[in-house]
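Examination of the molecular architecture
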Amino acid sequence: MKSALQQLLPKLVLAPTTLILVVCVYGFIGWTALLSFTKSRMMPQWDFIGLDQYIKLFDNPRWMVALENLGAFCFFFILISLLLGVVLAIFLDQKIRSEGALRTIYLYPMAVSFIVTGTAWKWILNPGLGIEKLIREIGFQSFEFRWLIDSEMAIYTIVIAAVWQSSGFVMAIFLAGLRGVDESLINAAEIDGAPHYKIYTRVVLPILRPVFFSAIVILLHIAIKSFDLVQSLTGGGPGYSSDMPANFMYTHAFNRAQMGLGAASAMVMLFGILAVIVPYLYSELREKNG
Amino acid sequence: MDRTQRIVSARIGRVFIYALLIFTALLYLAPLYVMIVTSLKDIEEIRSGNLLLFPLKPSLYAWQKAWSSACTGSECDGLAPFFWNSLRIVVPAVAISTFIGSINGYVFSKWQFKGSNYLFGALLLGCFIPFQVILLPMAKLLAVLGLANTVTGLVLVHIIYGIAFTTLFFRNYYIGIPTELVNAAKLDGAGFIKIYKLIFLPLSKPIFVVTIIWQFTQIWNDFLFGVVYSGSGTQPITVALNNLVNTSVGGKEYNVDMAAAIIAALPTLLVYFFAGKYFIKGLTAGAVKG
């Protein structure tokens, strides 16, 4: 009797989590998928109209702008964060005094909410009173920096703030990676008389390829989910020029009573993430198992 | 290159490395500095000076207003009520999701049963889904439960979608505890609960700290769930901050915006500066390994 209970206990413990997983994760995904095939607006309703919402979605100029923005954002955000993170990590790895303090400084933005980041940068980039005024007072009278109100450039203000917030994180995982590199490899290259920078480009960085891979996946994941920063920094504006998919989804599902369209956009986001994450998890797990 | 030349060039290299590291550190600190000095200036000084100037006659006016009388939409009670809302959301959500994660992790690492690995895989994938895909059905569920626009509803949502990460943290930690220990305890007649209480719980202090800090930061900084599932009076601080910045009753007060942003960031910043080591552990563990 007692041992039967012992057998059952582990399963019993996992029961609530399993229920949550089945209902609130996979069940809800199914529900959203179904919703995306209906013409629901204010309220869910179940008139199925096939792929119409998806067709409407990709005919929607606002959605296409959001996708373009996501592309530009991903490219620059990931590229700059990686460059900065790698350079900082390599420099910090040169037996630097007060490395701890510097690391703390590079990483603190990570502890702050995107809403705070957006609020701060909205002020710093303020056309008229922000950086523009600062540079003018230094002596460059005709300096202009008005990306926040420039519909072509607004998306890049989001890149700037996001890089500030996340590049320290890239530094941290590369530093951890560098500390794991076998020192005898570096010593051997040094004895061969290779210059310092070549040791990094030819020996160390190639060893860290998996870290690059992880960093890119994580940054891509952050990028696709970006919502808060856009909301607080540009509000998607001017107009909808700096919207991203997550903001499109929120606006249409909750403010514009376009539930079906919102659901369709959420499904497209899900597939975007899965396309990145599934191969990554697969390769991680396979590596570990053999 | 002779010896002295080599030493000189190495020196220059060191100076360059330090210069770059310190310069970057200043850049990372600049937004925080700008926020602090702006929050201490009056609006006259903000308009006449620039971002970096130190306040001539520092005053706490903006802080007072941000805390107790700034408008966040139609109410003008400052951030104080929302600060307490966030606290009322964070404390139970962190405690419960961490506890569930701990016993889940215990089962997934030491009491595996047929299919438990698949369940863990399904849970892991749940860490990565974009929440947009569950927003609509969750809103429906909260409405059915009568928890729409309530603090309790938000607590529930944060628990549900926090479990995947907390379970992952504990499972990866417990996997490092030798299984022989469990087997020996079983031979001595200890059961599922006793082994957890007498062996795992006492060994879990570091991972509890990491998980609690991670969950605290995540939930305090959340904006998406807050903006979708709260109503007037139950918003968390991130939502209130965003409303405050976007409410302009009688002219923009950048000093109040900055004071409000710092107030919203303070709890997580304090945790970061006092327990940064654990924060970074959570960051790298949560982000990289599966």
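In this text the structure is predicted, and so the values were computed from the model without any measurement. (Residues numbered from 1 in each chain as written. Chains lettered and ligands numbered in written order. Predicted model: local features only at pLDDT ≥ 70, side-chain atom pairs only at ≥ 80, totals over all residues.)

1. Side note on the overall build of chain A
Scanning chain A for helices and strands turns up 13 helices and zero strands. In sequence order, the secondary structure elements of chain A are arranged as α-α-α-α-α-α-α-α-α-α-α-α-α. When burial is assessed residue by residue, chain A has 42% of its 290 residues classed as buried. Contacts spanning at least 24 positions in sequence make up 68% of the contacts within chain A whose residues lie at least 6 apart. (Helix = DSSP H or I, 4+ residues; strand = E, 2+ residues; numbered from the N terminus. Buried ≥ 20, exposed ≤ 12 C-beta atoms within 10 Å, placed from the backbone. Contact = placed C-beta atoms within 7 Å.)

2. Focus: the overall build of chain B
Assigned secondary structure in chain B consists of 13 helices and zero strands. In chain B, the order of α-helices and β-strands from amino to carboxyl end is α-α-α-α-α-α-α-α-α-α-α-α-α. The C-alpha atoms of chain B give a radius of gyration of 25 Å, which is well past the 19 Å a tight globule of 290 residues would have. By principal-axis analysis of the C-alpha atoms, chain B measures approximately 80 × 75 × 35 Å. Looking at chain B residue by residue over its 290 residues, the buried ones come to 46%. (Rg over C-alpha atoms; globule rule 2.2 N^0.38 Å.)

3. So, the packing of helix α5 (residues 114–124) of chain A against helix α1 (residues 3–40) of chain B
Close contact between α5 of chain A and α1 of chain B brings their axes to 10 Å; oriented N to C, the two are set at 75°. Looking at the two axes, α5 of chain A sits roughly perpendicular to α1 of chain B. Touching Ala120, Trp121, Trp123 and Ile124 of chain A of α5 of chain A are Pro31, Val34, Met35 and Thr38 of chain B, all from α1 of chain B. (Axes fitted to C-alpha atoms, helices over the stretch in contact; angles between N-to-C directions. Parallel < 35°, antiparallel > 145°, perpendicular 65-115°, else oblique.)

4. Concerning helix α7 (residues 151–174) of chain B
An α-helix turns once per 3.6 residues; consequently, residues spaced three or four apart project the same way. For α7 of chain B, which comprises 24 residues, the first-to-last C-alpha distance of 33 Å matches the rise-based estimate of 34 Å (1.5 Å per residue) to within 8%. Maximum bend of α7 of chain B: about 45°, positioned at Gly162 of chain B. (Expected span 1.5 Å × (residues − 1). Bend = angle between axes of the 7 residues up to and from the residue.)

5. Comments concerning the interface of chain B and chain A
With 67 residues of chain B at the interface, the matching set in chain A holds 77 residues. Looking at the side of chain B that touches chain A, the element that brings in the most residues is helix α13 (residues 254–288) of chain B, giving 16 residues.

6. Side note on the nonpolar core
Residues Ile158 and Phe174 of chain A together with Leu79, Leu241, Ala260, Ala261 and Ala264 of chain B are the most contacted members of the largest nonpolar core, which totals 168 residues. With 16 residues, the single largest contributor to this core is α7 of chain B. For this core, the two domains that each supply at least three residues are domain 1 (3–59) and domain 2 (80–288) of chain B. Setting aside anything within four residues of it in sequence, one finds Ala260 of chain B in contact with Ala66, Ala70, Leu79, Leu241 and Leu244 of chain B. (Core = buried A, V, L, I, M, F, W, Y, C linked by C-beta atoms within 7 Å. Domains from an automatic or database assignment.)

7. Considerations on the domain arrangement of chain B
Residue and element names in this part refer to chain B. Here the domain parsing of chain B yields domain 1 (3–59) and domain 2 (80–288). Just the C-alpha atoms count here: the centres of domain 1 and domain 2 sit 35 Å apart. Each side of the interface is counted separately: domain 1 has eight residues, and domain 2 has seven residues. Among the elements of the structure, α1 and α2 (43–48) are those that each provide at least two residues to the side of domain 1 that touches domain 2. By residue number, the principal contributor to the side of domain 1 that touches domain 2 is α1, which donates four residues.

8. Regarding the environment of Ser68 of chain B
Residues and elements named next belong to chain B. When you line up the elements, Ser68 lands in helix α3 (residues 61–68). A sequence separation of 13 residues divides Ser68 from Pro81, and the C-alpha atoms of the two residues are 8.5 Å apart. If sequence neighbours within four positions are ignored, Ser68 has contacts with Asp77, Gly78 and Ala80.

9. A closer look at the packing of helix α8 (residues 183–191) of chain A against helix α9 (residues 196–207) of chain A
Residues and elements named next belong to chain A. For the pair α8 and α9, the least separation of the axes is 11 Å and the interaxial angle reads 140°. In terms of their interaxial angle, α8 and α9 are classed as oblique. You can see that α8 and α9 cross each other, and the crossing is right-handed. Contact residues: α8 offers Leu185, Ile186, Ala189 and Glu190, while α9 offers Ile199, Val203 and Val204. Tallied by class, the residues present in the contact of α8 with α9 amount to six nonpolar, no polar and one charged. (Left-handed = near helix turned anticlockwise from the far one by under 90°. Nonpolar A, V, L, I, M, F, W, Y, C, P; charged D, E, K, R; others polar.)

10. Re the confidence of the model for chain B
Summarising the model, chain B shows a mean pLDDT of 90, and 97% of its residues fall at 70 or more. On the interface metric, ipTM, the complex scores 0.91, and its pTM is 0.91. (pLDDT = per-residue confidence, 0-100.)

11. Considering unusual backbone geometry
All names here are of chain A. With an omega of -5°, the peptide bond between Gly237 and Pro238 qualifies as cis. Topologically, Pro238 is positioned in the loop between α11 (228–233) and α12 (245–255). Positive phi, normally seen in glycine, also occurs at Ser98, with a value near 50°. Tracing the backbone shows Ser98 in the loop between α3 (61–92) and α4 (99–107). On the basis of neighbour counts, which here come to 13 C-beta atoms within 10 Å, the residue Ser98 falls in the partly exposed class. Even without being glycine, Ala257 reaches a positive phi, approximately 55°. Along the chain, Ala257 turns up in the loop between α12 and α13 (259–289).

12. Considering the environment of Gln231 of chain A
One can find Gln231 of chain A in helix α11. A C-alpha to C-alpha distance of 9.9 Å links Gln231 of chain A and Thr119 of chain A, two positions 112 residues apart in sequence. Ignoring sequence-local partners within four residues, the contact set of Gln231 of chain A consists of Asn247 of chain A together with Asn242 of chain B.

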